[in-house]
Amino acid sequence: MQALLEVSLAIERNEFVSIVGPSGCGKSTLLRLIAGLIGPSSGKVTIDGSAIDGPRRDVGVVFQAPTLLPWANVLDNVLFPLKILHRLAPDSPAKGRELLRLVGLSDFERKMPSELSGGMQQRTSICRALITDPDILLMDEPFGALDALTREEMSLELLRIWQEQPKTIFFVTHSVPEAVLLADRVCVMTARPGRIIEIIDVPLPRPRSYEQESLQEFQNCAKRIRQHIFGDAAASARTGAA
């Protein structure tokens, strides 16, 4: 079964792009193509003009599940990609600790994953993706398994990290408010085979906060996305309920 159809998308350096669409529309497939985890059956994916033919060191990936090593402590989990790439250096632990400080886990570097909350585990996973200092960060519904309050907290945490350490971020989500809050642009996909039906610019000033949900600009973007996914009547009902 074909997953994607005539998808064309260009992303600028250090841009934050969210992608939303119905379940099974190919969002994660598109992310895996960019990550080099799978290859396209037709067409091509490029970074700075070079075709992607496999995983790259300048691309970090954060999945929905933290997938931390259960036998390794927090700091060792963060440093694991460097170990795999044979890039561990004398200053690597210090870099790992700085990332943990950035996400508020300075006091947890010796804790095991089983001792962490879901939000803490995902923070650790983000640090692990950042330890190689990638230019591009791909995030596949990284907060989908978290409770609502932790999800909001992690969204704001991600924005803060992105502002302190600018990266190109490609963010897959099922949450329309999350997509609008985070992104410079939101790509809306159709049902499978997925194609991008519209790319919506988000005109909200930064820094962002969930207080902006009440702004008309926020509501307009969210309504436009929902119209594509749910249809006009359902979009109006959902916007009114929000």
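Each remark here, short or long, concerns the structure printed above.
Some points on the overall build of the protein chain
If you tally the helices and strands in the protein chain, you get 8 helices and 8 strands. Whereas a compact globule of 242 residues would reach a radius of gyration of roughly 18 Å, the protein chain reaches 18 Å, a difference of no more than 12%. Expressed as lengths along the three principal axes of its C-alpha atoms, the size of the protein chain is roughly 55 × 40 × 30 Å. Among the 242 residues that make up the protein chain, the fraction classed as buried is 48%. Carbon and sulfur atoms make up 51% of the accessible area of the protein chain, which amounts to about 11900 Å² in all.

What to know about the pairing of strand E5 (residues 136-140)
Burial analysis of E5 places 5 of its 5 residues in the buried class, which makes it a mostly covered element. The two faces of E5 match: Ile136, Leu138 and Asp140 on one face and Leu137 and Met139 on the other face are all buried. Of the pairings in the sheet, the one linking strand E4 (residues 59-62) to E5 comprises 4 bridges and is parallel in character. Within E5, the residue paired with Val62 across the bridge is Met139. Pairing of E5 with strand E6 (residues 168-172) involves 5 bridges; the strand directions are parallel.

Quick notes on the packing of helix H4 (residues 118-130) against helix H5 (residues 148-164)
Where H4 meets H5, the axes come as close as 11 Å, and the angle between the chain directions of the two elements is 25 degrees. Classified by the angle between their axes, H4 and H5 sit roughly parallel to one another. Note that H4 runs across H5; the crossing there is right-handed. Mapping the contact onto sequence places Gly119, Gln122, Arg123, Ile126 and Leu130 in H4 and Thr150, Glu153, Met154, Glu157 and Ile161 in H5.

A look at the packing of aromatic side chains
Applying the stated criterion across every chain, the model contains 3 aromatic pairs. Relative to Trp162, the ring of Phe16 lies with its centre 5.4 Å away and its plane at 90 degrees, an arrangement referred to as edge-to-face. A residue pair is termed long-range when its members are at least 10 positions apart, and Phe16 in strand E1 (residues 16-20) and Trp162 in helix H5 qualify at 146 residues. Seen in terms of ring centroids, Phe143 and Phe171 are 5.8 Å apart; in terms of plane orientation they differ by 50 degrees. Their pairing is tilted. Within this pair, whereas Phe143 is found in the loop between E5 and H5, its partner Phe171 is found in strand E6, the two being separated by 28 residues in sequence. The pair Phe143 / Phe171 is uniform in exposure class, with both members buried. Through a chain of ring-to-ring contacts, three or more aromatic side chains come together here, namely Phe16, Phe143, Trp162 and Phe171.

Definitions and cut-offs
Sequence positions are assigned chain by chain, starting from 1 and proceeding in written order. Predicted model: local features are reported for residues with pLDDT of at least 70 only, side-chain atom pairs are reported and counted for 80 or more only, and whole-chain, interface and lining totals are derived from all residues. Hydrogen atoms and water are omitted, and side-chain values are computed over all heavy atoms in the structure. Working definition: helices are DSSP H or I runs of at least four residues, strands are E runs of at least two. Numbering for both runs from the N terminus. Radius of gyration here uses only the C-alpha atoms, and the compact-globule reference equals 2.2 Å multiplied by the residue count raised to the power 0.38. We call a residue buried when its accessible area falls under 20% of the maximum for its residue type, exposed when it is over 50%, and partly exposed in between, using a 1.4 Å probe and counting protein chains only. Using a 1.4 Å probe, the Shrake-Rupley method yields the accessible areas, and only the shown protein chains count as cover for residues. Pairing between two strands is assigned when DSSP locates at least 2 bridges connecting them. Angles run from 0 to 180 degrees between N-to-C directions of axes, and those axes are lines fitted to C-alpha atoms, restricted for helices to the stretch in contact. Working definition: roughly parallel below 35 degrees, roughly antiparallel above 145 degrees, roughly perpendicular at 65 to 115 degrees, and oblique for all remaining angles. Helix crossings are classified by the rotation of the near helix relative to the far one: an anticlockwise turn of less than a right angle makes the crossing left-handed, while a clockwise turn makes it right-handed. Whether two residues are in contact is decided by their heavy atoms: any pair within 4.5 Å suffices. Working definition: a ring pair exists when centres of Phe, Tyr or Trp rings (six-membered ring for Trp) sit within 6.5 Å. Plane angles under 30 degrees give stacked, over 60 give edge-to-face, the rest tilted.

Honestly, that's just the spatial picture; any functional story needs more than this.
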